[in-house]
Every structure is written in C-alpha cells, then in structure tokens.
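Read off the chains here:
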Amino acid sequence: MLPVVPCGVQVLTKEAGEVSIWSLQEIQRATLAIMDDLLRTILEGYELPKEGLHGPRHWIRVSRVGLELAKATPGGDPEVVYLFALFHDSRRENEDTDPDHGLRGAELAGSMRGTHLLHLNDAQFELLRYACTHHTDGETTTDPTIGCCWDADRLDLGRVGIEPEVEYLSTAAGREWLRS
Ligand SMILES: [Fe+2]
C-alpha cells in the first residue's frame, strides 16, 4: 500500500491523486504509526549502548525540558524542538569527541524527510537541520527555536559532570531554568 499524506481531515492518497475523508481517529492512528516507525528507525541505527550518556534517556530529558522552554519562549516551535531531541545525538559513534555527529543526525533527518517528516515545512526543516548540525559548536543564538534546542541539551550536561553555565544559554527560559 502506498503512503498517505494527512492534510487536515482530507487525505490525499498517492494512487491516482484520490482524496478521501479520514476521521480524526484515523489521522491519529496514522500519526502515531509514523512516529512509532520514526523512533524505531532512529533507534535501530543507534550504535551506542541505549542506557549510555547520549542515548534515549538523554533524548527524553532534552525533549521534556525543551518542550517546557518552547512553551515559555515566544516563537519557540515545539515540534522542531521535540525532533531535535530525537535526532541530535542519534548518530554518535562514541560517547566522547565526535565532532560530526550533529551533522550525521541532521543527515538522518534529511533522509527521513520524505517519509516520516512530511508535515514539516521548509523553514521548520532548516531549523532542525541547523540546530542538529551546530549543537556542539559552543555558540548561542537569537533564534527562539534553536535556542530552546541548544539550551535543553546544555541543561542536561550535569549527567556528564559538567555544570551548565548561563553564558552558554540562549533563551530567558533556559536561564530561568538554570536559576530555579
Ligand atoms: Fe545531546
């Protein structure tokens, strides 16, 4: 069966360009199936121990904190922040120095754009790509979405024995989180 593209409650099937109406339940089921497959694909290619410093436990913490920061940051895009949490460390090859791992995470997202990330527009995808590629460059940013991504990652540095520092945080919400 060919993939379908949810679009509101109208669904465009790729067979003969037919349009059919889906219930919200059907859209929900399809969305969950896509997310389930996205997570499975990311995890299947993760080469390091799942319980390690840069594995899924870290991704979950980054997503939780990142979504809170996005909620408190005008212009912060929670969808991009959540996807950053899943992709940014997903193609690390070691737990130490691996300068290109963010780029590889961004490339993985690019390879899944036409299958699992169809809902992202070009601007959202560019934010995700940039945030993943440059998340270890030590920069800060004025972009609210990228700021939430990087701050959420840096606020989890305590797991590797590094105290997060306020000058490396980009958002007011991130700085407030550190002070709290
Ligand atoms: Fe990370």
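Residues numbered from 1 in each chain as written. Predicted model: local features only at pLDDT ≥ 70, side-chain atom pairs only at ≥ 80, totals over all residues.

Caption draft 1: Region of the structure containing the overall build of the protein chain. Regarding its fold elements, the protein chain presents 7 helices and 3 strands. The burial tally for the protein chain puts 29% of its 180 residues in the buried class. At a minimum sequence separation of 6, the contacts of the protein chain that also span at least 24 residues come to 51%. (Helix = DSSP H or I, 4+ residues; strand = E, 2+ residues; numbered from the N terminus. Buried ≥ 20, exposed ≤ 12 C-beta atoms within 10 Å, placed from the backbone. Contact = placed C-beta atoms within 7 Å.)

Caption draft 2: Broad picture of the nonpolar core. Ranked by size, the top nonpolar core spans 26 residues in total, and within it Val81 and Phe84 carry the most contacts. Elements that contribute at least two residues to this core include exactly helix 2 (56-72), helix 3 (78-87), helix 4 (101-111), helix 5 (122-133) and helix 6 (144-154). If you tally residues by element for this core, the top one is helix 3, at 8 residues. With near-sequence residues (within four places) excluded, Val81 lies in contact with Gly66, Leu67, Ala70, Gly76, Thr145, Cys148, Cys149 and Ala152. (Core = buried A, V, L, I, M, F, W, Y, C linked by C-beta atoms within 7 Å.)

Caption draft 3: Quick peek at the packing of helix 3 against helix 6. It is the contact of helix 3 with helix 6, at a shortest axis distance of 9 Å, that shows an interaxial angle of 35°. The handedness of the crossing between helix 3 and helix 6 is right-handed. Here helix 3 contributes Val80, Val81, Phe84 and Ala85 to the contact with helix 6, which in turn contributes Thr145, Cys148, Cys149 and Ala152. For the contact of helix 3 with helix 6, the per-class residue count stands at 7 nonpolar, 1 polar and no charged. (Axes fitted to C-alpha atoms, helices over the stretch in contact; angles between N-to-C directions. Left-handed = near helix turned anticlockwise from the far one by under 90°. Nonpolar A, V, L, I, M, F, W, Y, C, P; charged D, E, K, R; others polar.)

Caption draft 4: Helix 3, seen in detail. Burial analysis of helix 3 places 8 of its 10 residues in the buried class, which makes it a mostly covered element. Looking at the packing, one finds that the buried side of helix 3 touches helix 1 (24-44), helix 2, helix 4, helix 5 and helix 6.

Caption draft 5: Local environment of the confidence of the model for the protein chain. Per-residue pLDDT for the protein chain averages 91, and the proportion of residues at 70 or more is 89%. Taken as a whole, residues 1-8 scores under 50 in pLDDT and shows 16 contacts with residues more than four places along the chain or in a different chain. (pLDDT = per-residue confidence, 0-100.)

Caption draft 6: Expanded view of the environment of Asp36. Considering the arrangement of structural elements, one finds Asp36 in helix 1. On the neighbour-count criterion, Asp36 (10 C-beta atoms within 10 Å) is exposed. When the C-alpha positions of Asp36 and His116 are compared, they lie 9.8 Å apart, and in sequence the two are 80 residues distant.

Caption draft 7: Looking closely at the packing of helix 3 against helix 5. Put simply, helix 3 and helix 5 touch, their axes get as near as 10 Å, and they point 40° apart. Our pair here, helix 3 against helix 5, has a crossing hand that is right-handed. Residues Glu79, Val80, Leu83, Phe84 and Phe87 of helix 3 pack against Gln124, Leu127, Leu128, Ala131 and Cys132 of helix 5. Taken together, the residues that form the contact of helix 3 with helix 5 break down as 8 nonpolar, 1 polar and 1 charged.

Caption draft 8: A look at the environment of Val65. Tracing the backbone shows Val65 in helix 2. A count of 22 C-beta atoms within 10 Å places Val65 in the buried class. A C-alpha to C-alpha distance of 8.9 Å links Val65 and Trp177, two positions 112 residues apart in sequence.

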